[in-house]
Amino acid sequence: MRDHRAVTSPTPGPRTPAPSAPRLIATDLDGTLLHDDKIVSPRTVAALAAAEEAGLEVFFVTGRPARWMDVVSSHVHGHGLAICGNGAAVVDLHEGPGRYRFVKVRELPVPDALDVVRILREAAPGTSFAVERTGGLHHEPTYPPLHLDPGESVAPAEKLLTADFQGPAVANQPVLKVLAYHPDLDPDAFLTLARAAVGDLAAITRSSPSALLEISGASVSKASTLALCCEERGISPAEVVAFGDMPNDMEMLAWAGTSYAMGNAHPDVRTVATGVTATNNEDGVARVIEDILAAR
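This paragraph deals with unusual backbone geometry. The backbone of S219 sits at a positive phi, close to 75°, despite the residue not being glycine. Mapped onto the elements of the fold, S219 is located in the loop between β10 (212–217) and α8 (222–233). According to the relative accessible area criterion, S219 is exposed, its value standing at 56%. Although it is not a glycine, D283 sits at a positive phi angle of roughly 60°. Following the sequence through the fold, D283 ends up in the loop between β13 (275–276) and α11 (284–295).

So, in structure tokens, the structure goes:
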């Protein structure tokens, strides 16, 4: 998602020339590949298909859970894989909308999740929590409900994380991330506070315009999971072109040999990318892909 308040102008800055022979394109979805109305534009659909036909792998790397991937499941082409939950899962989308299979899970251990909840309750009173497992979302009564994604169960986070309350069917599902929401704090201030309080116990980031933090296992990020996937394929960082717009993309953009902040990106994202492309609504990802293919 994009934080419009953090962007002073949608006008793209200088663009770094795209490499002529990358092997993999890694792109965020919301605020990056998708328009604000959550569609993949015809121009972007064509660019993605042309990239795959030219032998480039395209990885969708998103904070979204696997069940929210229908918007792009028709565009994964050859390999059919996506990285979801900010790196917490690699998901096979080959079977199309509504169908997915977890290929790799990098869970947040329950003892660590409980410690994070305790620490943030003390550091930021008023915080409410949700727990994202491989089987769905579970949240506290005060956590803002998502009308399109109702919680599987509602209870205090400490109960949501215990086997005695959830039962073995749910408790055996790995925890992908904990979500922490504060109704009053500034989003960036909440992120800074939480990182200082939690330290290296867990990875904390954000992608929402509200004060909503996404908490994963220590060292789990879009970058670290993408690096694992690339290593399995013999692809180096120098052969990767990455795109993003929010703080949860920063590690990935810094890791990739060539990276682009969207024209609508959070200011901090621009500081780590090697270039800036047009906004998501102006098909900034597609423009760079077209440049890459033209150079080849």
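This paragraph deals with the sheet that holds β13. Here eight strands make up an open sheet; going across it, the order is β5-β4-β3-β2-β1-β11-β12-β13 and the pairing mixed. Strands at the two margins of the open sheet, each flanked by one partner only, are β5 (101–105) and β13. Alignment of strand β2 (residues 57–61) against strand β3 (residues 81–84), held across two bridges, turns out to be parallel. Among the inter-strand pairings, F60 is bridged to a residue of β3, identified as A82. Contacts from helix α2 (residues 42–53) reach β1 (24–27) and β2 within the one sheet, and its direction differs from that of β2 by about 135°. Contacts from α11 reach β1, β11 (240–244) and β12 (258–261) within the one sheet, and its direction differs from that of β11 by about 165°.

With antiparallel pairing, the five strands of this open sheet are ordered in space as β7-β6-β8-β10-β9. Either end of the sheet is taken by a strand with one partner, and the two such strands are β7 (136–139) and β9 (202–205). Here the strands of the sheet are splayed against their neighbours by 25° on average, with no regard to which way each runs. Relative to β10, β9 runs antiparallel, the two being bridged by four bridges. Of the residues in β10, the one forming a bridge with A203 is S216. Against the sheet, helix α3 (residues 110–123) contacts β6 (128–133), β8 (175–181), β9 and β10, and its axis sits at roughly 5° relative to β8.

The buried fraction of β10 is high, at six of six residues. Taking the residues between adjacent antiparallel strands as the criterion, β9 and β10 are bridged by six residues.

With that settled, the discussion passes to the nonpolar core. In this structure, F60, M69, V72 and F243 are the most contacted members of the largest nonpolar core, which totals 30 residues. Those elements that provide at least two residues to this core are α1 (29–33), α2, β2, β3, β4 (89–92), β11 and α11. Not counting residues within four places of it along the chain, the set of residues in contact with V72 comprises L29, L33, L34, V40 and F60. Counting 25 residues, the second-largest nonpolar core is a separate cluster that includes A155, L161, I204 and I215.

Calculation criteria
Residues numbered from 1 in each chain as written. Predicted model: local features only at pLDDT ≥ 70, side-chain atom pairs only at ≥ 80, totals over all residues. Heavy atoms only, no water. Helix = DSSP H or I, 4+ residues; strand = E, 2+ residues; numbered from the N terminus. Buried < 20%, exposed > 50% of the residue type's maximum accessible area, 1.4 Å probe, protein only. Pairing = 2+ DSSP bridges. Contact = heavy atoms within 4.5 Å. Axes fitted to C-alpha atoms, helices over the stretch in contact; angles between N-to-C directions. Core = buried A, V, L, I, M, F, W, Y, C linked by side-chain atoms within 4.5 Å.

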